[in-house]
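Summary of the model geometry
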Amino acid sequence: VKLFYAGGSCALASHIALHEAGAEFEAVKVDLKAGEQKAPEYLAVNPKGRVPALVTRRGTLTENPAILHWIAVAFPNARLAPLGDPWAMAQVLSFNVFLGSSVHPAFAHLFRPGRYAHGEAAAEAMKAKVPEQLGEYFGVVEQQLERGPWVHGEAYTTSDCYLYVFARWLQKPELGPERFPRVRAHLERMQERPAVSRALEAEGLTAL
Ligand SMILES: N[C@@H](CCC(=O)N[C@@H](CS)C(=O)NCC(=O)O)C(=O)O
């Protein structure tokens, strides 16, 4: 298995999950700032020009929720999802798709406004709205964490790996992270896990 990632990007979720699973894998860095994701060599791996991409014996998998699902199912001993309980599995998927389809694009309006509109004025207008939109989304997450200690209660799942990425991104004063104390506590809980430390070290990141 080979994981294509960029330091601190959303691929960190899959990176953590692979460590949690005890998988043997190679991590290959893609330099997004240098534009390597748009180079023909990488587009041959993932025509979407994004990370993560996970190369397996069966082929290449993209999209965090799908990669996380595959890791959980392919490494059942790691118990990264409630395998065998269709309802609980769907809840894990539901949370992960929410992160991938709502939370992640909200941050993208801040980090990559050029993806959504042309011009500086449009970019500034979009950026200004981000804290409010994140407030709505992380409000839902904060409520979900009420049951704790993990996203789905007592059992640690891939949702925890994935939430960690966006909890890190949220830790900028201008985004108002203090509005979400349970998200902060979750981030700190995650940073006590050896798999998280290993993934952070491999990506050259520090705990926040
Ligand atoms: N829906 C994809 C999103 C992947 C994505 O947008 N990755 C970002 C890093 S967080 C990326 O590769 N950006 C490079 C670019 O936009 O050129 C997923 O969840 O895997």
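Our structure's up above, just so we're on the same page.
These remarks concern the structure in this document. Quick caveat: nothing in here was measured; it's all calculated off a predicted structure. (Residues numbered from 1 in each chain as written. Predicted model: local features only at pLDDT ≥ 70, side-chain atom pairs only at ≥ 80, totals over all residues. Heavy atoms only, no water.)

**Notes on the overall build of the chain**
- The helix and strand inventory of the chain stands at eight helices and four strands.
- In the chain, the order of α-helices and β-strands from amino to carboxyl end is β-α-β-α-β-β-α-α-α-α-α-α.
- Taking all 208 residues of the chain together, 46% fall into the buried category.
- Carbon and sulfur atoms form 53% of the exposed surface of the chain, whose accessible area is close to 10,500 Å².
- Charged side chains of the chain number 22 positive and 22 negative; the gap between the two group centres comes to 3 Å. (Helix = DSSP H or I, 4+ residues; strand = E, 2+ residues; numbered from the N terminus. Buried < 20%, exposed > 50% of the residue type's maximum accessible area, 1.4 Å probe, protein only. Areas by Shrake-Rupley, 256 points an atom, 1.4 Å probe, with all protein chains shown as cover. Lys, Arg positive; Asp, Glu negative; His and termini not counted. Charge placed at Lys NZ, Arg CZ, Asp CG, Glu CD.)

**Details of the packing of helix 5 (residues 120-144) against helix 6 (residues 158-170)**
- Contact pair helix 5 / helix 6: the axes reach a minimum separation of 13 Å and the direction vectors enclose 135°. Our classification of the angle between helix 5 and helix 6 gives oblique. Here the hand of the crossing between helix 5 and helix 6 comes out left-handed. Side by side, helix 5 and helix 6 meet where Leu134, Phe138 and Val141 of the first sit next to Leu163, Phe166, Ala167 and Leu170 of the second. (Axes fitted to C-alpha atoms, helices over the stretch in contact; angles between N-to-C directions. Parallel < 35°, antiparallel > 145°, perpendicular 65-115°, else oblique. Left-handed = near helix turned anticlockwise from the far one by under 90°. Contact = heavy atoms within 4.5 Å.)

**Some thoughts on helix 7 (residues 181-190)**
- Buried within helix 7 we find Val183, His186, Leu187 and Met190. Burial along helix 7 is one-sided: seen end-on, the buried residues are contained in an arc of 100°.
- Next to the buried residues of helix 7 lie helix 5, helix 6 and helix 8 (194-202). (Arc of directions from axis to C-beta.)

**Brief notes about the pairing of strand 3 (residues 53-56)**
- In terms of strand pairing, strand 1 (residues 2-5) meets strand 3 through three bridges, oriented antiparallel. Bridging across to strand 3, leucine 3 finds its partner in leucine 54.
- Inspection of the sheet shows strand 3 paired to strand 4 (residues 59-62) by four bridges, in the antiparallel sense. Each residue of the ladder has a partner; that of alanine 53, found in strand 4, is threonine 62.
- Where strand 3 folds back onto strand 4 in an antiparallel hairpin, the turn is made up of two residues. (Pairing = 2+ DSSP bridges.)

**A word on the site of the ligand**
- Within the structure, the ligand sits among 15 residues, and Gln37, Arg50, Val51, Glu63 and Arg115 are positioned closest to it.
- Contact distances for the ligand include 2.8 Å between a nitrogen atom and a backbone N or O atom of valine 51.
- Within the side chain of arginine 112, one N or O atom sits 3.3 Å away from an oxygen atom of the ligand.
- Isolated, the ligand exposes 520 Å² of accessible area, and the fraction of that covered by the protein chains is 89%. (Near = heavy atom within 4 Å. Polar contact = N/O pair within 3.5 Å; in protein donor to acceptor, adjacent residues only side chain to side chain.)

**Section: the packing of aromatic side chains**
- The tally for this structure, following the rule as stated, stands at twelve aromatic pairs.
- Here the aromatic rings of phenylalanine 107 and phenylalanine 138 are separated by 6.2 Å at their centres, their planes lie at 80°, and the arrangement is edge-to-face. Here phenylalanine 107, found in helix 4 (residues 86-111), pairs with phenylalanine 138, found in helix 5; they are 31 residues apart in sequence, far enough to count as distant. One exposure class covers both phenylalanine 107 and phenylalanine 138, and it is buried.
- The interplanar angle of 45° and the centroid separation of 5.7 Å between the aromatic rings of phenylalanine 138 and phenylalanine 180 together place this pair among those described as tilted. On the criterion of sequence distance, the pair formed by phenylalanine 138 in helix 5 and phenylalanine 180 in the loop between helix 6 and helix 7 is long-range, its members being 42 residues apart.
- Owing to a relative accessible area of 1%, phenylalanine 138 belongs among the buried residues under this scheme. (Phe/Tyr/Trp six-rings, centres within 6.5 Å; stacked < 30°, edge-to-face > 60°.)

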